[in-house]
Amino acid sequence: MKRTLLCATAAAAIVSVTGAANADEGWYVRADFGFSPTGNLDHDPAVDVVGTLQGDASVEENFGGWVGAGYDFGQNVRLETTFGYRAGDLDPDNGFNGLPLATASPLENGDVQVWDAMVNLIYDLNNESRITPYAGAGVGLAQVNAGVSNLAADPAA
């Protein structure tokens, strides 16, 4: 599960678009928007534990936004922090560990929300063009909340 979340974070970072940044020395602010078209969340349940889901869930329509502030020290070096939120839908497999219930019907739904905070050290690759590539490293924390179900009581029974 951790590997999947790291991949989803990397995908969101790759497609994010910086809203505002200042290329001069001193303080700057930034805003980003991102989208991850798909991903995978592995449930890894204990084998044959009643009430657990089997298989995995697809993460779909994972939109996110981040805000941040940083300081440009000159010499192409920046230090910044960002705070972000992203959310998406989970679509679980049909696998369910449990007793077959006559009053149950398939229902596949779920959602995921991620809050994160990062501190990044960035080196701008000076190419004297309008677009400046950069390399960086960072550390951060994330709070992940995921909820999914694939079985519901049938009111007609």
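Everything below is about the structure shown above.
Residues numbered from 1 in each chain as written. Predicted model: local features only at pLDDT ≥ 70, side-chain atom pairs only at ≥ 80, totals over all residues. Heavy atoms only, no water.

**Q** Residues and numbers for the pairing of strand 4 (residues 56–74), please.
**A** Where strand 4 lies against strand 5 (residues 77–92), 15 bridges are found, and the strand directions are antiparallel. Opposite Gly 70, over in strand 5, you have Glu 80 as the bridge partner. Counted between consecutive antiparallel strands, the loop separating strand 4 from strand 5 contains two residues, among which Gln 75 sits at a positive phi close to 55°. (Pairing = 2+ DSSP bridges. Helix = DSSP H or I, 4+ residues; strand = E, 2+ residues; numbered from the N terminus.)

**Q** Pulling in residues and values, what's your account of the side chain of Asp 32?
**A** Mapped onto the elements, Asp 32 comes out in strand 2 (residues 26–42). Among the residues examined, Asp 32 registers a relative accessible area of 10% and is labelled buried. Within polar-contact distance, the side chain of Asp 32 engages the side chain of Arg 30 at 2.5 Å. (Buried < 20%, exposed > 50% of the residue type's maximum accessible area, 1.4 Å probe, protein only. Polar contact = N/O pair within 3.5 Å; in protein donor to acceptor, adjacent residues only side chain to side chain.)

**Q** Let's hear about a nonpolar patch on the surface: which residues, and what values?
**A** Among the surface-exposed residues, Phe 73, Leu 79, Val 119, Leu 121 and Val 139 lie close enough to one another that they form a single nonpolar patch of about 460 Å² accessible area. Relative to the elements of secondary structure, Phe 73 occurs in strand 4. (Patch = residues over 30% accessible without salt bridge, like charges linked within 9 Å, V, L, I, M, F, W, Y side chains within 5 Å. Areas by Shrake-Rupley, 256 points an atom, 1.4 Å probe, with all protein chains shown as cover. Salt bridge = Lys/Arg side-chain N within 4 Å of Asp/Glu carboxyl O.)

**Q** Can you lay out the packing of aromatic side chains for me, pointing to particular residues and giving the numbers?
**A** Summed over all chains, the structure comprises five aromatic pairs. With centroids separated by 5.1 Å and ring planes inclined at 70°, the aromatic side chains of Trp 27 and Tyr 71 adopt a geometry described as edge-to-face. With Trp 27 in strand 2 and Tyr 71 in strand 4, this pair connects stretches of sequence that are 44 residues apart. Residue Trp 27 is classed as exposed on the basis of its relative accessible area of 66%. Here Phe 33 and Phe 63 contribute two aromatic rings whose centre-to-centre distance is 6.1 Å and whose plane-to-plane angle is 35°, an arrangement assigned as tilted. With Phe 33 in strand 2 and Phe 63 in strand 4, this residue pair connects regions lying 30 residues apart in the sequence. Cluster of aromatic residues (ring-pair linked, three or more members): Trp 27, Tyr 71 and Phe 73. Across the ring face of Tyr 134, the terminal group of Arg 78 is positioned such that the distance to the ring centre comes to 5.5 Å. (Phe/Tyr/Trp six-rings, centres within 6.5 Å; stacked < 30°, edge-to-face > 60°. Lys NZ or Arg CZ within 6 Å of the ring centre and 35° of its normal.)

**Q** Would you mind going over a negative patch on the surface in detail, with residue names and values included?
**A** A contiguous patch of negative charge, built from Glu 60, Glu 61, Asp 89 and Asp 111, is present on the exposed surface. Within the element layout of this structure, Asp 89 appears in strand 5. (Lys, Arg positive; Asp, Glu negative; His and termini not counted. Charge placed at Lys NZ, Arg CZ, Asp CG, Glu CD.)

**Q** Explain the environment of Leu 125 to me, and be specific about the residues and the numbers.
**A** You can see Leu 125 is positioned in the loop between strand 7 (104–124) and strand 8 (134–153). With a relative accessible area of 38%, Leu 125 lands in the partly exposed category. Sequence separation between Leu 125 and Val 77 is 48 residues; the distance between their C-alpha atoms is 9.6 Å.

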